[in-house]
Amino acid sequence: MNQIHDAVIVGAGFGGMGAAIELHRQGYDDLVILEREDDLGGTWHVNRYPGLAVDIPSSTYSYSFEPNPHWSRLFAPGAELKKYAGHVADKYGLRRHMRFGTVVEGARWDEDAAAWEVTLAGGEVVRGRFLLTATGFLSQPKLPDIPGVEDFAGTVVHTTRWDDDIELAGKRVGIIGTGATAVQLIPELAKVADHLTVYQRTPIYVSPKLDGPVPGVVRGAFAKVPLTQKATRLVGTSILEVMMVAGVLHFRDLPWANAAGKRVCAAHLARQVKDPVLRAKLTPDYDFGCKRPTFSNTYYPTFTKPHVDLETIAIDHVDAGGIVTSDGNRTDLDVLVLATGFNLWDVNFPAIQVVGREGRDLGKWWRDNRFCAYEGITVPKFPNFFSLNSPYSYSGLSYFTTIETQMAHMGRVLGAMRQRGADIVEVTEEANDQFLDRMTGLLDNSVFNAGSCSTARSYYFNQHGEAVLLRPTSTLSAAREATRFPLDHYTFTGARVSASAS
Ligand code: NAP
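Anyway, here's the lowdown on the structure attached to this text. A quick note: this is a predicted structure, and the numbers were derived from the prediction, not measured.

### A closer look at the sheet that holds strand β16 (residues 335-338)
Piece 1. If you walk across this open sheet you meet the 5 strands as β7-β16-β8-β9-β12, and the pairing is parallel. Sheet topology places β7 (155-158) and β12 (308-311) at the edges, where each strand pairs with a single neighbour. Across the sheet, the mean angle from the axis of one strand to that of its neighbour is 15°, orientation sign disregarded.
Piece 2. Note: strand β8 (residues 172-176) against strand β9 (residues 195-199), 5 bridges, orientation parallel. Its bridge partner lying in β9, glycine 174 is registered against threonine 197.
Piece 3. Its contacts with the sheet put helix α4 (residues 180-192) on β8, β9, β12 and β16, and the angle it makes with β8 is roughly 175°.

### Let's talk about the environment of serine 64
Piece 1. Looking at the element boundaries, serine 64 is found in the loop between α2 (43-46) and α3 (78-91).
Piece 2. Judged by its relative accessible area of 32%, serine 64 falls in the partly exposed class.
Piece 3. Through-space distance from the C-alpha of serine 64 to that of methionine 439 is 27 Å; in sequence the pair is 375 residues apart.
Piece 4. When residues no more than four places from it in sequence are discounted, the contact partners of serine 64 are Arg233 and Glu404.

### A word on the nonpolar core
Piece 1. If you look at the biggest cluster of nonpolar residues, it comprises 140 residues, and the most contacted ones within it are Phe14 and Ile175.
Piece 2. Sorting elements by how many residues they give to this core places helix α11 (residues 399-420) first, with 9 residues.
Piece 3. In this structure isoleucine 175 touches Ala182, Leu185, Ile186, Leu189, Leu196, Thr197, Val198, Tyr199, Val337 and Ala339, once residues within four positions along its chain are discounted.
Piece 4. In terms of nonpolar packing, the next biggest core, distinct from the first, is built from 10 residues, Phe152, Ile176, Ile323 and Leu333 among them.

### Things to note about the site of the ligand
Piece 1. What surrounds the ligand is a group of 26 residues, the closest being Ala53, Thr181, Thr202, Lys291 and Tyr459.
Piece 2. With respect to the ligand, the backbone of alanine 53 contributes an N or O atom lying 2.6 Å from an oxygen atom.
Piece 3. A distance of 3.1 Å separates an oxygen atom of the ligand from a polar backbone atom of alanine 180.
Piece 4. Surface burial for the ligand is 89%, taken as the share of its 910 Å² of free accessible area covered by protein chains.
Piece 5. The leading source of residues in the shell around the ligand is α4, at 3 residues.
Piece 6. Class assignment of the residues belonging to the shell around the ligand gives a composition of 11 nonpolar, 8 polar and 7 charged.
Piece 7. Each of domain 1 (4-140 + 344-493) and domain 2 (149-209 + 252-286 + 296-338) gives at least three residues to the shell around the ligand.

### Some words on the environment of phenylalanine 222
Piece 1. Within the secondary structure layout, phenylalanine 222 lies in helix α5 (residues 216-224).
Piece 2. Separated by 152 residues in sequence, phenylalanine 222 and histidine 70 have C-alpha atoms that sit 8.3 Å apart.
Piece 3. Beyond its immediate chain neighbours, meaning those up to four positions away, phenylalanine 222 contacts Ser59, Pro69, Thr228, Gln229 and Thr232.

### Describing α3
Piece 1. Taking 1.5 Å per residue as the helical rise, α3 with its 14 residues ought to reach 20 Å, and the 20 Å between its terminal C-alpha atoms agrees with that figure.
Piece 2. By the burial criterion, the buried members of α3 are Gly78, Leu81, Tyr84, Ala85, Gly86, Val88 and Ala89.
Piece 3. Looking at the buried side of α3, the elements it contacts are α1 (14-25), α2 and β3 (98-99).

### With respect to the packing of aromatic side chains
Piece 1. For the coordinates displayed, the defined rule picks out 37 aromatic pairs.
Piece 2. Ring geometry for tryptophan 116 against phenylalanine 385: centres 5.6 Å apart, planes inclined by 50°, an arrangement best described as tilted. Placement of the pair is tryptophan 116 in strand β5 (residues 115-120) and phenylalanine 385 in strand β18 (residues 385-387), with a sequence separation of 269 residues. For the pair tryptophan 116 and phenylalanine 385, one class covers both residues: buried.
Piece 3. Taking 5.0 Å as the distance between ring centres and 85° as the angle between the ring planes, the aromatic pair formed by tyrosine 299 and phenylalanine 303 counts as edge-to-face.
Piece 4. Take tyrosine 299: its relative accessible area is 1%, and that puts it in the buried class.
Piece 5. Chaining the aromatic ring pairs together yields one cluster made of Phe14, Trp44, Tyr61, Tyr63, Phe65, Trp71, Tyr84, Tyr92 and Phe400.
Piece 6. The ring of phenylalanine 65 carries the charged tip of arginine 25 above its face, separated from the ring centre by 4.7 Å.
Piece 7. Above the ring of phenylalanine 492, the side-chain terminus of arginine 420 is found at 4.5 Å from the ring centroid.

Conventions adopted
- Residues numbered from 1 in each chain as written.
- Predicted model: local features only at pLDDT ≥ 70, side-chain atom pairs only at ≥ 80, totals over all residues.
- Heavy atoms only, no water.
- Pairing = 2+ DSSP bridges.
- Helix = DSSP H or I, 4+ residues; strand = E, 2+ residues; numbered from the N terminus.
- Axes fitted to C-alpha atoms, helices over the stretch in contact; angles between N-to-C directions.
- Contact = heavy atoms within 4.5 Å.
- Buried < 20%, exposed > 50% of the residue type's maximum accessible area, 1.4 Å probe, protein only.
- Core = buried A, V, L, I, M, F, W, Y, C linked by side-chain atoms within 4.5 Å.
- Near = heavy atom within 4 Å.
- Polar contact = N/O pair within 3.5 Å; in protein donor to acceptor, adjacent residues only side chain to side chain.
- Areas by Shrake-Rupley, 256 points an atom, 1.4 Å probe, with all protein chains shown as cover.
- Nonpolar A, V, L, I, M, F, W, Y, C, P; charged D, E, K, R; others polar.
- Domains from an automatic or database assignment.
- Expected span 1.5 Å × (residues − 1).
- Phe/Tyr/Trp six-rings, centres within 6.5 Å; stacked < 30°, edge-to-face > 60°.
- Lys NZ or Arg CZ within 6 Å of the ring centre and 35° of its normal.

This is how it looks when you write it as structure tokens:
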């Protein structure tokens, strides 16, 4: 009951596992990783819908220190990501720390014990000197606020709760949503459904996907000469970096780069869809990058098939038999797929209640003020706390860039604690305010502030109208700062610090 672990990590996805690996490197071995699902892998465990694949090149979408030479395709199928997560957990000795099916309700800093008290559903309390939340960005499924969904008499499924037993063959299937998930799922549904109706509210930018099987000889080279895979990773990362930095973050300075992104997608659409009316419906009216674009070679052609309809008239309601649009038209359905994404800003920042010093409630504080975490990872009044899925934390397009940048930041903080004999570390209000000012200034140059995003309905924007999910700097700059930020941006306290100071 009174045991205080070195650290409690919430979430056993790639972020939580990266954090655990870093804690091991820093000499902490008494870790508890709490996971609400029944296995590790985070998003790659939860999502198992047909067509699931990574849409960032796999050589890039993996830990740089644990390359996997066995990816079967340039963009690996979801099941391979899940397998890779299992491999990492085994190789780095992480499974022994994990507790599955464990729902965390909240965490509170206990000043007297200088530890975090983490409460689980059912009332159990787990304590740790450090608390790390790695609950993902896209982990709280969003159900649409459309009247009558609960009245539908057929099968309803959200994409995060996919069930392979759902009968699709010969059925009338409807899908709500055209985000990155739907872009992967729609072509698969069309292969088996008797009729498919896609309900689109906002079109998405889709660019060609340069995908294909990785030949055996290449995989052999990756295994024997890891440098070859490193070089491939560098190419993939650099392309994504140019897309992000030039096309999105430097919109005001380099509008042509953003326009080039738009043109690539428009040309892709024009090549694949000849009907101008259909093409117009699939063409976004906001700037490239306002919401996350995606890659697919099979999405657009699906809409040219005779048994697939694209419905762009707003949904009025759902009833027992199907969907009725605002023009009164009804479509009878047997299966309704909700590809309606995730709720980030109401329930995910943070995903659990976290209460720090002086009773500061992180979720309330962010909502009452502005969303910000210093360098996307620490927050004033929350000692010994690393919030891995924070405003301004996501850097670049591959999540692994973010994970490794945060691991570096943690390593520097924990190393400084060790050196100073500190038990408690906390970022200062001033450092946090300065960071927020700097990020706000940088956002001014980005497509989010300078472009036309009002019709995008992008989850990058929070309820204050600020696009604070992505860090508006290059990944190189984020990585550099993670190893060079001024240590006086933190206060280090504890028994040995006080003793040496007196
Ligand atoms: P999403 O991008 O948020 O898309 C949700 C879709 O549902 C949107 O088209 C949205 O329309 C629609 N929608 C939501 N509520 C609606 C309502 N009440 N009525 C009508 N339409 C409604 O979610 P997602 O597709 O699951 O993708 C989320 C993120 O997951 C992606 O951006 C990406 O970062 C990640 N992802 C990654 C991969 C990968 O391979 N790495 C694959 C899939 C997803 P509006 O746009 O009009 O709101």
